[in-house]
Amino acid sequence: MSAIDKEKIVSSVPQKGFFGHPRGLFTLFFTEFWERFSYYGMRAILVFYMYYEVSKGGLGLDEQTALSIMSIYGSLVYMSGVIGGWLADRVFGTSKSVFYGGVLIMLGHIALALPGGLTAFFVSMVLIVIGTGLLKPNVSSMVGDMYAEQDDRRDAGFSIFYMGINLGGFLSPLIVGSVMGYSFHLGFGFAAIGMFFGLIMFLITKKKNLGLAGTYVANPLSPAEKKKVYLVMAGAVVLLGIILAVTIPTGLLTIKLFIALVGILGFLIPTIYFIVMYRSPKTTEVERSRVLAYIPLFLASVMFWSIQEQGSTILANFADKRTQLDIAGIHLSPAWFQSLNPLFIILLAPVFAWLWVRLGKRQPSIPQKFSLGLLFAGLSFLLILLPAYLGGTNSLVHPIWLVLSYLVVVIGELCLSPVGLSATTKLAPAAFSAQTMSLWFLSNAAAQGLNAQIVKFYRPETEMLYFGIIGLSAILLGIILFFVTPLIQRQMKGVR
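What counts and what doesn't
Residues numbered from 1 in each chain as written. Predicted model: local features only at pLDDT ≥ 70, side-chain atom pairs only at ≥ 80, totals over all residues. Heavy atoms only, no water. Helix = DSSP H or I, 4+ residues; strand = E, 2+ residues; numbered from the N terminus. Rg over C-alpha atoms; globule rule 2.2 N^0.38 Å. Buried < 20%, exposed > 50% of the residue type's maximum accessible area, 1.4 Å probe, protein only. Contact = heavy atoms within 4.5 Å. Areas by Shrake-Rupley, 256 points an atom, 1.4 Å probe, with all protein chains shown as cover. Lys, Arg positive; Asp, Glu negative; His and termini not counted. Charge placed at Lys NZ, Arg CZ, Asp CG, Glu CD. Axes fitted to C-alpha atoms, helices over the stretch in contact; angles between N-to-C directions. Parallel < 35°, antiparallel > 145°, perpendicular 65-115°, else oblique. Left-handed = near helix turned anticlockwise from the far one by under 90°. Nonpolar A, V, L, I, M, F, W, Y, C, P; charged D, E, K, R; others polar. Salt bridge = Lys/Arg side-chain N within 4 Å of Asp/Glu carboxyl O. Patch = residues over 30% accessible without salt bridge, like charges linked within 9 Å, V, L, I, M, F, W, Y side chains within 5 Å. Expected span 1.5 Å × (residues − 1). Phe/Tyr/Trp six-rings, centres within 6.5 Å; stacked < 30°, edge-to-face > 60°. Polar contact = N/O pair within 3.5 Å; in protein donor to acceptor, adjacent residues only side chain to side chain.

**Q** So what's going on with the overall build of the protein? Which residues, and what values?
**A** Along the backbone of the protein there are 19 helices and two strands. Relative to the 2.2 N^0.38 estimate, which gives 23 Å for 496 residues, the radius of gyration of the protein is 22 Å and therefore close to what a compact globule would have. Looking at the 496 residues of the protein, the share that counts as buried comes to 56%. Restricting to contacts in the protein with at least 6 residues of sequence separation, those with at least 24 account for 83%. A total of about 20400 Å² of accessible surface is found on the protein, and carbon and sulfur atoms cover 73% of it. For the protein, the distance from the average position of its 35 positive side-chain charges to the average position of its 22 negative side-chain charges is 7 Å.

Put into structure tokens, the structure is as follows:
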């Protein structure tokens, strides 16, 4: 996208009207609110649906397998952002990609809401994975499109947007978790309704609020390239179908092998993307330097998300198996703990948004904020090992330990995640704008691919060792990142 095109986009968006930010932020705020309502509602009960016995409405899978599948599911959801970002940059534009993705996500939740067993589960996985890949990175890219590169409101705008994400994530586990005991499928039905509302919100308000944002195709394919790409994609789908038809019945493709392959892809795909963007003739010398600066931020993000995303696997299991769920005559659903992370973000995001604006040019640099994020993430895992140290692994622990762990990791998340979204839009090469946002979400995919391997080591008897090693590793990486900040800052070429 040329600088002139960027100027046209920014000037076409009403620049005031939503808490002092562009009016389009309202549309994207509530679109993402409903998308996250659907996703986090589904995610809050999915791992329980997998390992609960069939007599309790679940699928009856082995507990460790369910934890690994949950991580792989999350990895594939974010990995598919590569496809969504590429399609937005070269075929649809971000606006159409967001809409098409929302439709597929809604259909995926409908598939889960039907009592179809494992078949419906895997169908829903495919639909939600592809749909989220189309919607998630591109709605964030549209937020960046509304601000000029030097607009000081950008970080605060992303923090407000991030609050919308988590408002949906807070409400849905409470609602879906409340009906989990009656029917998992009813809970998944609520998730489908949420995505439907998101689609309606986007369609009704986008023309008035978003202007040209999302309508441009940054690096469009030529007609000849389109024909070739469509043929390759069709061939790949057919080939994949043949491979699955042969390997699954013969036992060559097992769940364990699939989990390992996804874990490898989680790191291989971003590596390829970094190489392609760096070597592309469309990437300028300044942009190449910024790509190099982005690499340590990406690796720090992988470490952070490896801890944060275990809230839906290890900590969900901890809530179900190791936590007192009957407190003061109230029975707590283990799914309700999934609302803690977004609740704390809702409460603290405005504080951080105000803080960054208040500090202005005196605020910590992007790498320093990332190092703070890693420090707090590591501390959250050190905190959750204390109950086992104090009372052993055979007794149930008070819910306050989970509450405190989620609170500490949220402080780290607000130092890293919204800042990472904003930094990605600043450091992205112009020809790879949406794809660079996909690369940001690939850090989450890599983290969950890694988690699929390490969650297998979690047992009551290894609980302290598990949380201790991962927590200390994050703190160590955060310290290293803090000391190499000047080197990274020089490579960012003026981006702070």
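**Q** Kindly report on the packing of helix α12 (residues 314-321) against helix α16 (residues 400-427), identifying the contributing residues and their values.
**A** Helix-helix packing is described using two parameters, namely the angle between the two axes and the distance between the axes. Relative orientation of the contacting elements α12 and α16 amounts to 165°, with a least axis distance of 11 Å. One way to sum up the angle between α12 and α16 is to call them roughly antiparallel. Here α12 runs over α16; the crossing is left-handed. Of the residues in α16, those in contact with Leu315, Phe318 and Ala319 of α12 are Leu402, Ser405 and Tyr406. Here the residues of the contact of α12 with α16 sort into five nonpolar, one polar and no charged.

**Q** Residue-level account of the pattern of salt bridges, with values.
**A** Scanning the model with the defined rule gives seven salt bridges in all. Where Arg43 meets Glu309, a salt bridge forms, and the shortest distance between an N and an O atom there is 2.6 Å. Taken together, the residues Arg43 in helix α2 (residues 24-51) and Glu309 in the loop between α11 (285-308) and α12 connect sequence positions 266 residues apart. With a shortest N-O distance of 3.8 Å, Arg288 and Glu285 are connected by a salt bridge. In this pair, Arg288 and Glu285 both sit in helix α11, three residues apart, roughly one turn of the helix. Under the relative-accessibility criterion, Glu285 is labelled exposed at 61%.

**Q** Describe in detail a nonpolar patch on the surface, supporting the description with residues and values.
**A** A grouping of Leu171, Ile175, Leu186, Phe190, Ile193, Phe196, Phe197, Ile200 and Ile204 is seen on the molecular surface, where their side chains present a nonpolar patch of about 770 Å² in accessible area. Broken down by secondary-structure element, the contributors of at least two residues to the nonpolar patch are α7 (154-179) and α8 (184-210). If you tally residues by element for the nonpolar patch, the top one is α8, at seven residues. Checked against the element boundaries, Phe196 lands in helix α8.

**Q** Any details on the environment of Leu171? Residues and values, ideally.
**A** Assignment of secondary structure puts Leu171 in helix α7. When its relative accessible area of 32% is taken as the criterion, Leu171 is described as partly exposed. For the pair Leu171 and Pro342, spaced 171 residues apart in sequence, the C-alpha to C-alpha distance is 8.8 Å. With residues near it in sequence (within four places) discarded, Leu171 still touches Phe33 and Phe37.

**Q** Explain helix α10 (residues 255-279) to me, and be specific about the residues and the numbers.
**A** Compared with an ideal rise of 1.5 Å per residue, which puts 25 residues at 36 Å, α10 spans 36 Å between its outermost C-alpha atoms and is within 8% of the ideal. Every buried residue of α10 is listed here: Ile259, Val262, Gly263, Gly266, Pro270, Tyr273, Phe274 and Met277.

**Q** Lay out the packing of aromatic side chains in plain terms, naming residues and giving numbers.
**A** Note on aromatic pairs: each is described by the distance of the centres and the angle between the planes. The full count for this structure, using the stated rule, is 28 aromatic pairs. With a centroid separation of 6.3 Å and 70° between ring planes, the pair formed by Phe30 and Phe33 is classed as edge-to-face. Here the residue Phe30 and the residue Phe33 both occupy positions in helix α2, the gap between them amounting to three residues, near one helical turn. Residue classification places Phe30 among the partly exposed positions, given a relative accessible area of 24%. Here the aromatic rings of Phe48 and Tyr51 are separated by 6.1 Å at their centres, their planes lie at 85°, and the arrangement is edge-to-face. On the criterion of helical spacing, the pair formed by Phe48 and Tyr51 is a turn pair, its members being three residues apart in helix α2. Taking the relative accessible area as the measure of exposure, Phe48 reaches 0% and is therefore buried. When its relative accessible area of 8% is taken as the criterion, Tyr51 is described as buried. Grouping aromatic residues by their ring pairs yields a cluster made of Phe26, Phe29, Phe30, Phe33, Trp34, Phe37, Phe196 and Phe197.

**Q** Break down the packing of α2 against helix α5 (residues 94-113) for me, citing the residues and quoting the values.
**A** Contact geometry of α2 with α5 gives a least axis separation of 11 Å together with a crossing angle of 30°. Judged by the angle between their axes, α2 and α5 are roughly parallel. By crossing handedness, the relation of α2 to α5 is classed as left-handed. Two secondary-structure elements touch here, α2 through Thr31, Glu35, Ser38, Tyr39, Met42 and Tyr49 and α5 through Val98, Ile105, His109 and Leu112. Looking at the contact of α2 with α5 residue by residue, the classes come out as six nonpolar, three polar and one charged.

**Q** Got a sec to walk through helix α3 (residues 63-79)? Specific residues and values, please.
**A** For α3, spanning 17 residues, the distance from its first C-alpha to its last is 24 Å, which sits close to the expected 24 Å at 1.5 Å a residue. α3 sits mainly inside the fold: 15 of its 17 residues count as buried. Among the residues of α3, the N-terminal cap falls to Asp62, whose side-chain oxygen and the backbone nitrogen of Gln64 are separated by 3.2 Å.

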